Amino acid sequence: MSAEPTALWEESVRGGDAWSHVLKRGTALRLTDVEGRANVGALFFNFEILSERYNMPDTLKAQHTAHLKKSLVLYSDMGRILASITDESCGWHDPLSGHLDAAATKQKYGEAGYQQYRNDFHRNSRDNFLIEMGKYGLGLRDLPANVNFFSKVVADDHGTLTFVPNHSKAGDFVELRAEMNVLVILDTCQHPLDPDPRYNPKPIHLSIHKAHRVPPDDPCRLSRPENTRGFTNTERYFL
Amino acid sequence: MKLVESNLDPAAAIYEFTLDAGEPWLHLIQAGQTFRIVDLCGNQAVDTFFYSADDTAERYSATDTIAGQRNIYLTCGSVLLSNLRRPMLHITADTCGRHDTLGGACSTESNTVRYALEKKYMHACRHSFLKAIIHSSYGLTKRDIGSNINFFMNVPVTPEGKLTFEDGISDAGKYVEMRADQNVLALISNCPQLNNPCNAFNPTPVRLLIWEREA
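Note that this is a predicted model, so its numbers are computed, not measured.

Peer 1: Any chance you could break down the overall build of chain A for me, citing the residues and the numbers?
Peer 2: In terms of helices and strands, chain A carries six helices and 12 strands. Rg of the C-alpha trace for chain A: 17 Å, near the compact-globule value of 18 Å for 239 residues, within the 12% margin. Taken along the three principal axes of its C-alpha coordinates, chain A extends 55 × 40 × 40 Å. Taken across its 239 residues, chain A has 51% of its residues classed as buried.

Peer 1: Describe the overall build of chain B, listing the residues and the values that go with them.
Peer 2: Looking only at helices and strands, chain B has three helices and 12 strands in total. Compactness check: chain B gives a C-alpha radius of gyration of 16 Å against a globular reference of 17 Å for 215 residues, within 12% of the reference. Considering chain B as a whole, with its 215 residues, one finds that 50% of them fall into the buried category. A separation threshold of at least 6 residues defines the contact pool for chain B, and within that pool the share at least 24 residues apart is 76%.

Peer 1: Could you give an account of the sheet that holds strand 10 (residues 173-178) of chain A, naming the residues involved and the relevant values?
Peer 2: All names here are of chain A. Ordered in space as 1-12-3-10-6-5, the six strands form an open sheet in which the pairing is antiparallel. Taken across any chain shown, the strands that pair with only one partner, and hence form the sheet edges, are strand 1 (9-13) and strand 5 (73-75). Direction aside, the axes of adjacent strands within the sheet are offset by 20° on average.

Peer 1: How would you explain the pairing of strand 7 (residues 87-94) of chain B if you had to name every residue and give the values?
Peer 2: Residue and element names in this part refer to chain B. Across three bridges, the pairing between strand 6 (residues 79-81) and strand 7 is antiparallel. Across the sheet, the residue bridging to L81 is P87, located in strand 7. Counting the residues in the hairpin turn of strand 6 and strand 7 gives five residues, including R85, whose phi is positive at 60°. Here five bridges tie strand 7 to strand 10 (residues 174-180), and the two strands are oriented antiparallel to one another. The residue of strand 10 that forms the bridge with A93 is E177.

Peer 1: Give a detailed account of the nonpolar core, specifying residues and quantitative values.
Peer 2: Grouped together as the largest cluster of nonpolar side chains are 64 residues, with contacts concentrated most on I37(B), V46(B), F50(B), V184(B), A186(B) and L187(B). A per-element tally of this core places strand 11 (residues 184-190) of chain B first, with five residues. Residues contacting L187(B), with those up to four places away along its chain left out, are L26(B), F49(B), F129(B), A132(B) and I133(B). If you look at the next biggest cluster of nonpolar residues, it comprises 47 residues, including W19(A), A38(A), F173(A) and L176(A).

Peer 1: Help me get a handle on the sheet that holds strand 11 (residues 182-187) of chain A, residues and values and all.
Peer 2: Residues and elements named next belong to chain A. Ordered in space as 2-11-4-7, the four strands form an open sheet in which the pairing is antiparallel. Looking along the sheet, the strands with just one partner apiece sit at the ends: strand 2 (18-23) and strand 7 (147-149). Within the sheet, the average angular offset between the axes of one strand and its neighbour, ignoring direction, is 25°. Here strand 4 (residues 40-46) runs beside strand 7; their pairing, made up of three bridges, is antiparallel. Each residue of the ladder has a partner; that of A42, found in strand 7, is V147. Packed onto the sheet, helix 4 (residues 125-134) meets strand 2, strand 4 and strand 11 and runs at close to 150° relative to strand 11.

Peer 1: Provide a residue-level description of unusual backbone geometry, including the pertinent values.
Peer 2: Residues and elements named next belong to chain A. The phi torsion at N166 lies on the positive side, around 55°, for a residue other than glycine. Within the secondary structure, N166 is located in the loop between strand 9 (161-163) and strand 10. Look at N166 and you get exposed, because 8 C-beta atoms sit within 10 Å.

Peer 1: Break down the interface of chain B and chain A for me, with residues and values.
Peer 2: Listed by partner, the interface residues are 34 residues for chain B and 42 residues for chain A. Those elements that provide at least two residues to the side of chain B that touches chain A are helix 1 (62-69) and helix 2 (108-114) of chain B. Of the residues assigned to the side of chain B that touches chain A, the class counts are 12 nonpolar, 13 polar and nine charged.

Peer 1: Any details on helix 1 (residues 56-63) of chain A? Residues and values, ideally.
Peer 2: Summarising burial for helix 1 of chain A: eight of the eight residues are buried, a large majority. Looking at the packing, one finds that the buried side of helix 1 of chain A touches strand 5 and helix 6 (225-237) of chain A together with helix 2 of chain B. Just past helix 1 of chain A, the residue H64(A) takes up positive phi, approximately 50°.

Rules behind the numbers
- Residues numbered from 1 in each chain as written.
- Chains lettered and ligands numbered in written order.
- Predicted model: local features only at pLDDT ≥ 70, side-chain atom pairs only at ≥ 80, totals over all residues.
- Helix = DSSP H or I, 4+ residues; strand = E, 2+ residues; numbered from the N terminus.
- Rg over C-alpha atoms; globule rule 2.2 N^0.38 Å.
- Buried ≥ 20, exposed ≤ 12 C-beta atoms within 10 Å, placed from the backbone.
- Contact = placed C-beta atoms within 7 Å.
- Pairing = 2+ DSSP bridges.
- Axes fitted to C-alpha atoms, helices over the stretch in contact; angles between N-to-C directions.
- Core = buried A, V, L, I, M, F, W, Y, C linked by C-beta atoms within 7 Å.
- Nonpolar A, V, L, I, M, F, W, Y, C, P; charged D, E, K, R; others polar.

The values are spatial; any link to function lies outside them.
In structure tokens form, the structure reads like this:
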């Protein structure tokens, strides 16, 4: 685990919960898996132009990858970089599998309403996303494909997907450096392909700290020639 | 790959249209109707998206479709799911064998990232998408453009998680056919991309046909 910089703000998020924040350019967000087997669904929007948002195909195409890891970046649909994965300890984060809605969550885990279960009631990723998005005036039409941090799903030669269990361990982390002012929306429900039949979402720990200016030799900038151009587009946005 | 032919007769189609490369197309397909896309000249990416005609907030979802079938490729038997996890269309015939839903649509902005800042002038699918929806009466805007399907495009993913744009596996006359489970608006950009092999560096027309629901 890399040395952790001084946190400006720390917060814990329970399993199955949601969280949102406008992560300012020049700061970074660190997500830590507290117990192991966490999954963090994540959405990213340009806070100034909310129609600009994380774009899964553009992110994958630009970096010739079907998974996310250290030194890769998250592209918007406008050719700009919303955030960079400056460090992480899992080596694989899933961008392909989306998330479950209320009906699929009920079908998989059964029903557990607030009346009986109070704050241990079953929440679902879709409603978590839509509720947080709603706080910023966004709705179903604004919901793009999400990232699933800490989860690994592998495609075989025929394209069939397999969920890799126990991928993330206690203490595993992801560090996201904001390259724009980014509305970050997180959800801590289980991965949609997690075969665990129990509703068993895991907590995460969050911390926000100052990030250094992106230097010319930044590993994310240099990891692909495409990313060098992506950083140029992003820097031009702030001119 | 399993190839499945259709027994529908083009002479019996109620709609036929040849869509040139670089052009958009937005059309209603009613529940029960069958829709066919023919790759007339071979290896032409057909960027395609679907909305529920009755409520356009419901739309094709690549991630729900992938998770639903636990497979990243589309072919005969694939059910195209909406963001509400409801079936929109079933693929009922496919003589190509495999179609992409990870590669998305090209844009002038993504072209600057992928190829060169100077390539921004080149025509791109998301311009065609925007043109089609802005001129329509459905009130759709950029926020309504989600991750689409690329029929006839070959984007293999390796077990190591690499994604590549390979030469196409389609050929002149190959087609894919799907039956609508609900009234859907089909939005197509017949891809103008000249910078990668998705169109064999030569974008060409495709043929679109619709058959009435079988009695």
